[in-house]
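Residue-level listing of the chains:
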Amino acid sequence: MKKIIIGENIVKSFGVGNEKQIVLDGVSVCINEGEFVSVMGPSGSGKSTLLYALSGMDSIDSGQVFFDGKDLSALSEKELSDLRRTKMGFIFQQPTFLKNLNILDNIILPSMRNKRKSAKEIIDKAKKLMKKVGIAGLEKRDFTQVSGGQLQRAEICRALMSDPKIIFGDEPTGALNSKSAQEIMDLISDINTEGTAVLLVTHDAKVAARTERIMFMLDGNIVSQLELQKFNGADLDGRIKKVTEKMQEIGI
Ligand code: ADP
Ligand code: MG
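So, here is what we can say about the structure in this document. (Residues numbered from 1 in each chain as written. Chains lettered and ligands numbered in written order. Predicted model: local features only at pLDDT ≥ 70, side-chain atom pairs only at ≥ 80, totals over all residues. Heavy atoms only, no water.)

This part covers helix α5 (residues 148–160). For α5, with 13 residues, the first-to-last C-alpha span of 18 Å sits near the 18 Å given by 1.5 Å per residue. Counted residue by residue, α5 has 11 buried out of 13 residues, so it is predominantly covered. Buried within α5 are the following residues: G149, L151, Q152, R153, A154, E155, I156, C157, R158, A159 and L160. Each element contacted by the buried residues of α5 is listed here: β6 (88–92), α3 (103–108), α4 (119–132), β7 (166–170) and α6 (178–193). (Helix = DSSP H or I, 4+ residues; strand = E, 2+ residues; numbered from the N terminus. Expected span 1.5 Å × (residues − 1). Buried < 20%, exposed > 50% of the residue type's maximum accessible area, 1.4 Å probe, protein only. Contact = heavy atoms within 4.5 Å.)

Right, dumping it as structure tokens:
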């Protein structure tokens, strides 16, 4: 199985001297192409920091991260940002859209830096994605004029504009009610079924239960993993039970 991400012995700390805090303590991870993986762990265990390290959004103290065969530390800032823009998509808990742009313009903004595509091609693609995720017609609204679930769908559109190899989600359903959260998870599952790898940070056993492998973090390390099959819609309750049992066993 081809790997999209290989992280080896990642160490990351914040602060200096007595204040120094090791947040990632020699973490090693592999994500296969097309895999659907989640990260669980208590608040402060290093989940977000791991996501930032694996996506090259943040530097690391030592260790290595290979993305699609490329050593991130060997890339220039420009190469790194191009790689993120073309091969990775991001969805966060809190909206990251700009207030003064409408939904469509927010979705296409990062893609407008792609010189090989015309504005028309980019807009057509954005509209197609908006239709696919169920928010066609909201192009001209600003983000105060849509619901939290609709905004998260729009953020997913933006993440998909470059046909990324992987989507990183940091608690992407954390700010949603349970119905919207479930709809967004259905959408993310569909995207994964179409071949995009997904790495999700979540607190929610119901979310993690839809992924095929769960990595459990404690104090800056992955202390355990749970392998499930790819979710095909069957026996979600049984999967949730496995996840919660594992959480209890580890003590999170
Ligand atoms: P999680 O996502 O699991 O809740 P984080 O990765 O956000 O945890 O944070 C892990 C630890 O690192 C926390 O103690 C947090 O305070 C610290 N931390 C995260 N980002 C920074 C930063 N930019 N500066 C200083 N400390 C940070
Ligand atoms: Mg976090």
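Structure shown, so let's carry the discussion forward.
With that out of the way, let us pick up the pairing of strand β3 (residues 36–40). Among the 5 residues of β3, 5 are classified as buried, and the element is accordingly described as predominantly covered. Side-chain alternation along β3 places F36, S38 and M40 on one buried face and V37 and V39 on a second face that is also buried. Pairing of β3 with strand β8 (residues 197–201) involves 4 bridges; the strand directions are parallel. Along β8, the bridge assignment pairs V37 with L199. In this structure, β3 lies alongside strand β9 (residues 213–218), joined through 4 bridges in parallel fashion. Counted as the bridge partner of V37 is R213 from β9. (Pairing = 2+ DSSP bridges.)

Turning our eyes to something else, we now look at the sheet that holds strand β2 (residues 21–32). A sheet is described by the order of its strands in space; here 4 strands give the open sequence β2-β1-β4-β5, paired in antiparallel fashion. Edge positions in the sheet fall to β2 and β5 (70–71), since each of these pairs with one other strand and no more. In this sheet, strand β4 (residues 62–67) lies alongside strand β1 (residues 3–14) in antiparallel orientation, the contact comprising 5 bridges. Counted as the bridge partner of I5 is F67 from β4. Of the strands in this sheet, β1, β2 and β4 are in contact with helix α1 (residues 47–54), which crosses β1 at around 125 degrees. (Axes fitted to C-alpha atoms, helices over the stretch in contact; angles between N-to-C directions.)

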